[in-house]
Amino acid sequence: MTIADMVRVLNAKVLRGGDKLDTPVFTACCSDLMSDVLAFVDEKTVLITGLTNPHVIRTSEMLDLKCLVFVRGKIPTEDILDSAEEQGLVVITTKMTAFSACGLLYDMGLRGVPVPTAWDAEGN
Amino acid sequence: MEELFRISYPVAAADYSSAGKASADIKRRLKQLGVGGDVLRRVAVASYEVELNLVIHSEGGELCLTVFPGAVQLVSSDVGPGIPDLDMAMREGYSTANEEARSLGFGAGMGLPNMKRNSDEFDIKSKVGTGTTITMRFNLSA
């Protein structure tokens, strides 16, 4: 699927990067905890989040993420969006909750990025 | 070893809005120097984590990038307060971050372990009342 498919399924509004909607996507992660995203995500993926501070964009920049999905209709400030655009990130917003957005995207074939869990470290 | 490039960035304590700017610049400069792929991502993540740590925990410090022919080195040094228990600090999930850092999505106790995981060599020295120095090296594949 492509980012354009995500926009359609989530009934989302494209905030930045409208020229890159044909980018293919295979995986996603959903988190408001940037510490976890930085620690566990190591592929160019999609981040679904309810956090709209500048560190979401900086985290995305460090990890070369492809697309940011803001849920519950959240929209970051213009300067944050501009810095996302500078990096070539696609930014979209949907009125859906994170739970519903993830469910619909999973149903469409998007899968979670493989991440180690706390259980792995304990050998469970 | 011969230094090809060196740059230092001052990092102010509690300057949450600027946190990450040095790391973004480091990433851009390394990219210009032809560093890419997995190693660039690892340097960027470790740099951002260590820069955040300077902002969240230190009383101010600096982040220094040095590029050698076969490696990239990041050194973070601060003027305090120092870490009383390094073993605890290196543990995943252990954090002394304040509410402001947590509200921004950080302070989950992943920073130091994540720096260690992303770097090829990791060294941390800390003395309470003096400060902390973290040295990380990343090997560049030929």
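Here the structure is shown first, and the text comes after it.
On a predicted model such as this, the values are computed, not experimentally measured, just so you know.

Asker: Help me understand the overall build of chain B in this model?
Answerer: Helix and strand counts for chain B come out as five helices and five strands. Shown N-terminal to C-terminal, the secondary structure of chain B runs as helices and strands in the order β-α-α-β-β-α-α-α-β-β. For chain B, the C-alpha radius of gyration of 14 Å lies close to 14 Å, the compact-globule estimate for 142 residues. With respect to the three principal axes, the spread of C-alpha positions in chain B is 40 × 30 × 25 Å. Of the contacts made within chain B by residues no fewer than 6 positions apart, 64% connect residues no fewer than 24 positions apart. As presented, chain B carries roughly 6600 Å² of accessible surface, and 50% of it is formed by carbon and sulfur atoms. Measuring between centres, the 15 positive side-chain charges of chain B sit 4 Å from its 18 negative side-chain charges.

Asker: Can you walk me through the packing of aromatic side chains in this structure?
Answerer: In this description, an aromatic ring pair is defined by two values, namely the gap between the centres and the angle between the planes. Residues and elements named next belong to chain B. This model, assessed by the stated rule, comprises one aromatic pair over all chains. Plain terms: the ring middles of tyrosine 48 and phenylalanine 106 are 6.1 Å apart, the flat faces sit at 90° to each other, and that makes the pair edge-to-face. You can see tyrosine 48 sitting in helix H2 (residues 37-57) and its partner phenylalanine 106 sitting in the loop between helix H4 (99-103) and helix H5 (111-118), a full 58 residues away along the chain. Take tyrosine 48: its relative accessible area is 0%, and that puts it in the buried class.

Asker: Please explain the nonpolar core as it appears in this structure.
Answerer: Soluble globular proteins tend to pack their nonpolar side chains together in the buried interior. In terms of nonpolar packing, the biggest core is built from 60 residues, with Leu30 and Met136 of chain B touching the most fellow members. No other element matches the twelve residues that H2 of chain B contributes to this core. Excluding anything up to four places from it in sequence, methionine 136 of chain B contacts Ala46, Val50, Val72, Gln73, Leu74, Met115, Ser119, Glu121 and Phe122 of chain B. With 18 residues, the next largest nonpolar core counts Ile3, Val25, Val69 and Ala98 of chain A among its residues.

Asker: It is not clear to me how the packing of helix H3 (residues 54-63) of chain A against H2 of chain B should be interpreted in this structure. Could you clarify?
Answerer: The axes of two packed helices give the description: the angle between them and the distance between them. Their axes nearest at 8 Å, the elements H3 of chain A and H2 of chain B cross at an angle of 150°. Our classification of the angle between H3 of chain A and H2 of chain B gives roughly antiparallel. Side by side, H3 of chain A and H2 of chain B meet where His55, Arg58, Thr59, Met62 and Leu63 of chain A of the first sit next to Arg41, Ala44, Val45, Tyr48 and Leu52 of chain B of the second. Broken down by class, the residue content of the contact of H3 of chain A with H2 of chain B amounts to six nonpolar, two polar and two charged.

Asker: In this structure, what is going on with the packing of helix H1 (residues 21-32) of chain B against H2 of chain B? I would like to understand it.
Answerer: All names here are of chain B. Look at H1 against H2: their axes get within 8 Å of each other, and the N-to-C directions meet at 160°. One element, H1, and the other, H2, form an angle in the roughly antiparallel class. Crossing of H1 over H2 shows right-handed handedness. From H1, Lys21, Ala22, Ser23, Ile26, Lys27, Leu30 and Lys31 reach across to H2, where they touch Leu40, Val43, Ala44, Ser47, Tyr48 and Glu51. Within the contact of H1 with H2, the residues separate by chemical class into seven nonpolar, two polar and four charged.

Asker: Can you help me understand the side chain of serine 60 of chain A in this one?
Answerer: Residues and elements named next belong to chain A. Looking at where serine 60 falls in the secondary structure, it is placed in helix H3. Looking at serine 60, the relative accessible area reads 1%, which means it is buried. Side-chain polar atoms of serine 60 contact the backbone oxygen of valine 56, separated by 2.7 Å. Here serine 60 is in contact with Leu65, Leu68, Gln87 and Leu89, once residues within four sequence places are set aside.

Asker: Would you take a moment to explain the sheet that holds strand E3 (residues 71-78) of chain B for this structure?
Answerer: Backbone-to-backbone hydrogen bonds join strands into a sheet, with any given pair of strands oriented parallel or antiparallel. Residue and element names in this part refer to chain B. Strand order in this open sheet of five strands is E1-E2-E3-E5-E4, and the pairing throughout is antiparallel. Among the strands making up the open sheet, the edge pair consists of strand E1 (5-11) and strand E4 (121-127). The mean inter-strand angle of the sheet, taken between neighbouring strand axes irrespective of direction, is 10°. The sheet contact formed by strand E2 (residues 61-67) and E3 spans seven bridges and is antiparallel. Across the sheet, glycine 61 pairs through a bridge with aspartate 78, a residue of E3. Sheet strands touched by H1: E1, E2 and E3. Its angle to E1, the strand with the most contacts, is close to 165°.

Asker: What am I meant to see in helix H5 (residues 98-107) of chain A here?
Answerer: The α-helix advances 3.6 residues per turn, and as a result positions three or four apart in sequence lie on the same side. Residue and element names in this part refer to chain A. Along H5, the positions that sit buried rather than exposed are Ala98, Ala101 and Leu105. For H5, the angular spread of the buried residues around the axis is 70°, confining them to a single face. When the buried face of H5 is taken as reference, the exposed residues oriented beyond 90 degrees from it are Phe99 and Asp107. Of the surrounding secondary structure, the elements contacted by the buried residues of H5 are helix H1 (3-9), strand E2 (27-30) and strand E3 (46-49). Two residues or fewer after H5 comes glycine 109, characterised by a positive phi angle close to 115°.

What counts and how
- Residues numbered from 1 in each chain as written.
- Chains lettered and ligands numbered in written order.
- Predicted model: local features only at pLDDT ≥ 70, side-chain atom pairs only at ≥ 80, totals over all residues.
- Heavy atoms only, no water.
- Helix = DSSP H or I, 4+ residues; strand = E, 2+ residues; numbered from the N terminus.
- Rg over C-alpha atoms; globule rule 2.2 N^0.38 Å.
- Contact = heavy atoms within 4.5 Å.
- Areas by Shrake-Rupley, 256 points an atom, 1.4 Å probe, with all protein chains shown as cover.
- Lys, Arg positive; Asp, Glu negative; His and termini not counted.
- Charge placed at Lys NZ, Arg CZ, Asp CG, Glu CD.
- Phe/Tyr/Trp six-rings, centres within 6.5 Å; stacked < 30°, edge-to-face > 60°.
- Buried < 20%, exposed > 50% of the residue type's maximum accessible area, 1.4 Å probe, protein only.
- Core = buried A, V, L, I, M, F, W, Y, C linked by side-chain atoms within 4.5 Å.
- Axes fitted to C-alpha atoms, helices over the stretch in contact; angles between N-to-C directions.
- Parallel < 35°, antiparallel > 145°, perpendicular 65-115°, else oblique.
- Nonpolar A, V, L, I, M, F, W, Y, C, P; charged D, E, K, R; others polar.
- Left-handed = near helix turned anticlockwise from the far one by under 90°.
- Polar contact = N/O pair within 3.5 Å; in protein donor to acceptor, adjacent residues only side chain to side chain.
- Pairing = 2+ DSSP bridges.
- Arc of directions from axis to C-beta.

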